[in-house]
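A closer look at the structure
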Amino acid sequence: IMSCAADKECFYVAGNLSLSIWAGLVPVALFILQCVSTGMGIAVGQARKKYGITYPCLYAVPGTKGDYAPVTEETALLKEDKEHAKAESISEEIAYKFNCIQRGHQNFLEQVTCVIPLVVLNWFTFPLLAGICGIFWALAKIGYFVGYGYFGAGGRLWGAGAYIPQLALYGITLWSAVVLFSGSDAY
């Protein structure tokens, strides 16, 4: 059921739960976060193929093959793998390039575990702010990933703006607690 107040602010009402009309922005933000994560995962998979880094290796190690095996004739004989003996070891440059791409995605995965719960928690009290913060955080992390993955460690600064919406989510969460404890309306 939709209910509109005198000031034209509308709410969805379900039992005792009412949500601002802006509550729809939060699922959009969560969808965007998932798309960003998937896109980064695909980019890492493409980098694995391009640079010959096999699973389950998380990072590339210079002087080894794509599976951490050192490059020696003995290793190839033990594995009875003639192709392995012919394969070149990973250079410092290739390891650095792959690791930057992998690290860009890994940083997203480390941080998104904090961002998603905060966006969801604030869905009920400040949905517009929660949704906007989630979307801007995702966009900033794309900058981080592109900067780090394709321009090296210094390129991470392209996504430094992600800390603004992340810190805003921390503040909004604390303010949500105050609002909920006081029993007043959030929006």
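Everything here concerns the structure above.
As a starting point, this report considers the structure included with it.

Analysis parameters
- Residues numbered from 1 in each chain as written.
- Predicted model: local features only at pLDDT ≥ 70, side-chain atom pairs only at ≥ 80, totals over all residues.
- Heavy atoms only, no water.
- Phe/Tyr/Trp six-rings, centres within 6.5 Å; stacked < 30°, edge-to-face > 60°.
- Helix = DSSP H or I, 4+ residues; strand = E, 2+ residues; numbered from the N terminus.
- Buried < 20%, exposed > 50% of the residue type's maximum accessible area, 1.4 Å probe, protein only.
- Lys NZ or Arg CZ within 6 Å of the ring centre and 35° of its normal.
- Core = buried A, V, L, I, M, F, W, Y, C linked by side-chain atoms within 4.5 Å.
- Contact = heavy atoms within 4.5 Å.
- Polar contact = N/O pair within 3.5 Å; in protein donor to acceptor, adjacent residues only side chain to side chain.
- Axes fitted to C-alpha atoms, helices over the stretch in contact; angles between N-to-C directions.
- Parallel < 35°, antiparallel > 145°, perpendicular 65-115°, else oblique.
- Left-handed = near helix turned anticlockwise from the far one by under 90°.
- Expected span 1.5 Å × (residues − 1).

Quick look at the packing of aromatic side chains now. Pairs of aromatic rings are described using the distance from one ring centre to the other and the angle between the two planes. In this structure the tally under the stated criterion is five aromatic pairs. Ring centres of Phe-108 and Trp-137 lie 5.4 Å apart, and the angle between their planes is 35°; this geometry places the pair in the tilted category. Within this pair, whereas Phe-108 is found in helix 4 (residues 92-121), its partner Trp-137 is found in helix 5 (residues 127-151), the two being separated by 29 residues in sequence. There is no split in this pair, since Phe-108 and Trp-137 are both buried. Pairing Tyr-144 with Tyr-148 gives two aromatic rings, centres 5.8 Å apart and planes at 90°, and the pair type is edge-to-face. Of this pair, Tyr-144 and Tyr-148 both sit in helix 5, separated by four residues, roughly a single helical turn. Under the relative-accessibility criterion, Tyr-144 is labelled buried at 11%. In this structure, Arg-48 is placed above the aromatic ring of Tyr-55, and the distance from its NZ or CZ to the ring centre is 4.2 Å. Here Lys-141 stacks its cationic end above the ring of Tyr-163, 5.8 Å away from the centre of that ring.

The biggest cluster of nonpolar side chains holds 31 residues, and the ones touching the most others in it are Leu-33, Ile-53, Phe-98, Phe-108 and Trp-137. Once you skip the residues sitting within four places of it in the chain, Phe-108 turns out to touch Leu-33, Val-36, Ser-37, Met-40, Trp-137 and Lys-141.

Moving on, we come to unusual backbone geometry. Omega for the peptide link from Tyr-55 to Pro-56 comes to 5°, which places this bond in the cis form. Mapping Pro-56 onto the fold places it in the loop between helix 1 (25-51) and helix 2 (73-79).

What follows concerns the side chain of Lys-141. Positionally, Lys-141 belongs in helix 5. One polar contact links Lys-141 to Asn-107, side chain to side chain, over a distance of 2.5 Å. Look past the residues within four positions of Lys-141 in its chain and what remains in contact with it is Met-40, Asn-107, Phe-108, Gln-111 and Ala-162.

This next bit is on the packing of helix 1 against helix 5. Viewed as axis vectors pointing N to C, helix 1 and helix 5 meet at an angle of 15°, and their least axial separation amounts to 7 Å. On the basis of the axis angle, helix 1 is roughly parallel to helix 5. Once helix 1 is placed against helix 5, the crossing between them reads as left-handed.

Relative to the helices and strands, Gln-102 resides in helix 4. In this structure the C-alpha to C-alpha distance between Gln-102 and Tyr-59, which are 43 residues apart in sequence, comes to 7.1 Å. Once you skip the residues sitting within four places of it in the chain, Gln-102 turns out to touch Val-44, Leu-58 and Tyr-59.

Given 3.6 residues to a turn, an α-helix orients residues that are three or four positions apart in the same direction. The first and last C-alpha atoms of helix 5 sit 35 Å apart over 25 residues, in line with the 36 Å expected at 1.5 Å per residue. Just beyond helix 5, the residue with positive phi is Gly-152, at close to 85°.

This is a description of form; function is not addressed.
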